[in-house]
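# Topology and contacts: notes
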Amino acid sequence: MDKETFIVGNAEETYQTHQKAALYALLADLLFIVLPLVVISIVDVSVGRSLFAIIESPELSFGSAVLFGQTIIKVVTGFAHSKPTGAEQPVFIIALIIVFGLVPSLVVLALLLSITPIPYELQLAQAFIFSLGIVVFLFFGVNWHALSLRYGGKQLDRHTDLLSSK
């Protein structure tokens, strides 16, 4: 299928295609974010610790920070490619992610590195923030990455037009 057929095709089909492609891209990203945690869990189990010993280690909070950071990148990239008229929605989404995701994950990370023994409540908070990071990454990431895919080619065409008019 050539580029023109893809762009001119049914808008709903194109939207669904971009959503599906974005979902697969984000699931691949998520697998690589979770991979070090899987390796740490395998090592923990092999030395006789519980499978859930990862909750006590700061790596889970580090993974949360990476998830929230990657979500911010997806939102900014989608916004940059789609060029909507107002910046209020992505700015609000980014502020939400920073205030309720990135900062709490970094605070929990700092506490985990400085408190011994690690309180059970802090372990639960870390697990909750990591779960929230996955949900936020998939929800906002898929939508904004799909926008990036949808409008990314048109941005390149627009820049080509600008260069040729000089």
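Right above here is the structure, for reference.
We now turn to the structure provided with this report. Because the structure is a prediction, the values reported are computed rather than measured.

## Remarks on the pattern of salt bridges
One pass over the structure, following the stated rule, counts 2 salt bridges. Residue Lys74 pairs with Asp29 through a salt bridge whose shortest N-O separation is 3.2 Å. One end of the pair, Lys74, is in helix α3 (residues 59–82); the other, Asp29, is in helix α2 (residues 11–46), with 45 residues separating them in the sequence. When its relative accessible area of 12% is taken as the criterion, Lys74 is described as buried. For Asp44, the salt bridge is made with Arg49, and the minimal N-O distance between the two is 2.6 Å.

## Description of helix α4 (residues 88–114)
Taking 1.5 Å per residue as the helical rise, α4 with its 27 residues ought to reach 39 Å, and the 38 Å between its terminal C-alpha atoms agrees with that figure. Maximal helix bending in α4 amounts to about 40°, located at Ile98. Of the positions making up α4, those classed as buried are Pro90, Ile93, Ile94, Ile97, Gly101, Ser105, Val108, Leu109 and Leu112.

## Description of the layout of surface pockets
Computed from the structure, the largest pocket encloses a volume of approximately 220 Å³. Along the walls of the largest pocket sit Val34, Leu37, Val38, Ser41, Leu51, Phe52, Ile54, Ile55, Leu60, Ala127, Phe130 and Ser131, which together make up its complete lining. Residue assignment for the lining of the largest pocket shows that the elements contributing at least two residues are α2 and α5 (120–164). Here the element with the most residues in the lining of the largest pocket is α2; it accounts for 4 residues. Looking at the lining of the largest pocket, its residues break down into 10 nonpolar, 2 polar and no charged.

## Quick word on the environment of Ile33
Residue position: Ile33 is located in helix α2. Given the relative accessible area of 14%, Ile33 is considered buried. The spatial distance from the C-alpha of Ile33 to the C-alpha of Phe62 is 9.9 Å, given a sequence separation of 29 residues. The residues touching Ile33, leaving out its near neighbours within four places in the chain, are Gly63, Val66, Leu67 and Gln70.

Calculation rules
- Residues numbered from 1 in each chain as written.
- Predicted model: local features only at pLDDT ≥ 70, side-chain atom pairs only at ≥ 80, totals over all residues.
- Heavy atoms only, no water.
- Salt bridge = Lys/Arg side-chain N within 4 Å of Asp/Glu carboxyl O.
- Helix = DSSP H or I, 4+ residues; strand = E, 2+ residues; numbered from the N terminus.
- Buried < 20%, exposed > 50% of the residue type's maximum accessible area, 1.4 Å probe, protein only.
- Expected span 1.5 Å × (residues − 1).
- Bend = angle between axes of the 7 residues up to and from the residue.
- 1 Å grid on protein atoms, 1.4 Å probe; cavity = no way out; pocket = protein on both sides within 12 Å on 5 of 7 lines; lining within 4 Å.
- Points joined across faces, edges and corners; volume = space filled by probe spheres on them.
- Nonpolar A, V, L, I, M, F, W, Y, C, P; charged D, E, K, R; others polar.
- Contact = heavy atoms within 4.5 Å.

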